[in-house]
Structures are given as structure tokens and as C-alpha cells.
Amino acid sequence: MKDKTTAGLLALFLGGIGIHWFYLGNNKKGLIYIALALFTFGIIPVLLALYDGIVLLTMSNDVFQAKYGQGEPFGGALASAPAKPVDTAKQIADFAALRDSGAITAEEYEKKKAELLG
């Protein structure tokens, strides 16, 4: 889970090169900040990062988590999110209901069931 204080402080101290956007998983914006830093001698991205830092630090935790809390920092490059448990019995029952309603054939049902169990 990402932390808004960490994101805000990264924006204030290292935001001129877009580090806060990499932390928040928006690599595209991070690369834009790096390019701006190279071509404008750091002036524009530093001002933008100052604004970003203030916005991030004053944002409520609920809004921050809704907007940025999904996934891992750095776009999941450092760690992967734990896999959600699969309810195989429910999925098989859902496919059986589709088979019974005629949405899929019995062969398709058996193939999906074998994939889920195997």
C-alpha cells in the first residue's frame, strides 16, 4: 500500500526528476518530468513537483488511496501484489449455469472445468 506522506515528501525533495510519479506507479509522468528537467534546466518540473507535493500532502487519506493506493510502488517492478484466492467451485458453478442456459456448449463447459481443476 502506498503512503501519501512518502509520496508528498518525494515530490517536495526529489520531484524535480519525477521520483514521486514513479513511486505512485505513473512511469509515463515520471519520464516526462525527467525530460522536462533536462530541457528546462529543472525549473518547470521543480515548480510542478512543489504543487504536486502540496496537493499530495493535503489530500485526505481516503481520496489518496482511491486514486493511488492500488498496486505497488514503481509500477510493481520491485514487488508483486499477492494473488487473490480463486473460488474454483463458484467458477465451475457459474460455467455450469452458462451451460444450462445454452450460452456455452457442454464441450466448452468441460474444457473450462478441466482448466480450473487441472
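Undergrad: Teacher, can you tell me more about the overall build of the protein here?
TA: When you go through the protein residue by residue, the secondary structure sums to seven helices and zero strands. Counting helices and strands in the order they occur from the N terminus, the protein gives α-α-α-α-α-α-α. Across the 118 residues of the protein, 28% fall into the buried class. Sequence separation of 24 or more characterises 50% of the internal contacts of the protein that already satisfy a separation of 6 or more. Split by element, the accessible area of the protein, about 7900 Å² in all, is 66% carbon and sulfur.

Undergrad: What am I meant to see in a nonpolar patch on the surface here?
TA: A cluster of nonpolar residues, Leu9, Leu12, Phe13, Leu14, Ile17, Leu31, Ile34, Leu38, Phe39, Leu50, Ile54 and Leu57, forms a patch on the protein surface that exposes about 1200 Å² of accessible area. Sorting the residues of the nonpolar patch by element identifies helix H1 (4–14), helix H3 (27–39) and helix H4 (43–58) as the ones contributing at least two each. Mapping Leu14 onto the fold places it in helix H1. Leu14 sits in the partly exposed class, given a relative accessible area of 42%.

Undergrad: What's the story with the environment of Gln65 in this structure? I'm lost.
TA: Within the secondary structure layout, Gln65 lies in helix H5 (residues 61–68). Residue Gln65 is classed as partly exposed on the basis of its relative accessible area, which comes to 22%. Sequence separation between Gln65 and Asp3 is 62 residues, and the spatial gap between their C-alpha atoms is 8.3 Å.

Undergrad: So what exactly am I meant to see when it comes to the packing of aromatic side chains here?
TA: The geometry of an aromatic ring pair is captured by the separation of the ring centres together with the interplanar angle, meaning the angle of the planes. Tallied over the entire structure, the rule returns two aromatic pairs. Put simply, the rings of Trp21, Phe64 and Tyr68 pair up and form one aromatic cluster. Over the aromatic face of Trp21 sits the side chain of Lys29, whose NZ or CZ is 4.3 Å from the ring centroid.

Undergrad: In this structure, what is going on with the packing of H1 against H4? I would like to understand it.
TA: Two quantities define a packed helix pair, namely the angle between the axes and the distance from one axis to the other. It is the contact of H1 with H4, at a shortest axis distance of 7 Å, that shows an interaxial angle of 165 degrees. Comparing the axis directions of H1 and H4 gives the class roughly antiparallel. Read as a crossing pair, H1 and H4 show a hand that is left-handed. Here Lys4, Thr5, Ala7, Gly8, Leu9, Ala11 and Leu12 of H1 come into contact with H4, specifically with Ala49, Leu50, Asp52, Gly53, Leu56, Leu57 and Thr58. In the contact of H1 with H4, the residues fall into eight nonpolar, four polar and two charged.

Procedures and definitions
Residues numbered from 1 in each chain as written. Predicted model: local features only at pLDDT ≥ 70, side-chain atom pairs only at ≥ 80, totals over all residues. Heavy atoms only, no water. Helix = DSSP H or I, 4+ residues; strand = E, 2+ residues; numbered from the N terminus. Buried < 20%, exposed > 50% of the residue type's maximum accessible area, 1.4 Å probe, protein only. Contact = heavy atoms within 4.5 Å. Areas by Shrake-Rupley, 256 points an atom, 1.4 Å probe, with all protein chains shown as cover. Patch = residues over 30% accessible without salt bridge, like charges linked within 9 Å, V, L, I, M, F, W, Y side chains within 5 Å. Salt bridge = Lys/Arg side-chain N within 4 Å of Asp/Glu carboxyl O. Phe/Tyr/Trp six-rings, centres within 6.5 Å; stacked < 30°, edge-to-face > 60°. Lys NZ or Arg CZ within 6 Å of the ring centre and 35° of its normal. Axes fitted to C-alpha atoms, helices over the stretch in contact; angles between N-to-C directions. Parallel < 35°, antiparallel > 145°, perpendicular 65-115°, else oblique. Left-handed = near helix turned anticlockwise from the far one by under 90°. Nonpolar A, V, L, I, M, F, W, Y, C, P; charged D, E, K, R; others polar.

The quantities given are spatial measurements derived from coordinates; they are silent on function.
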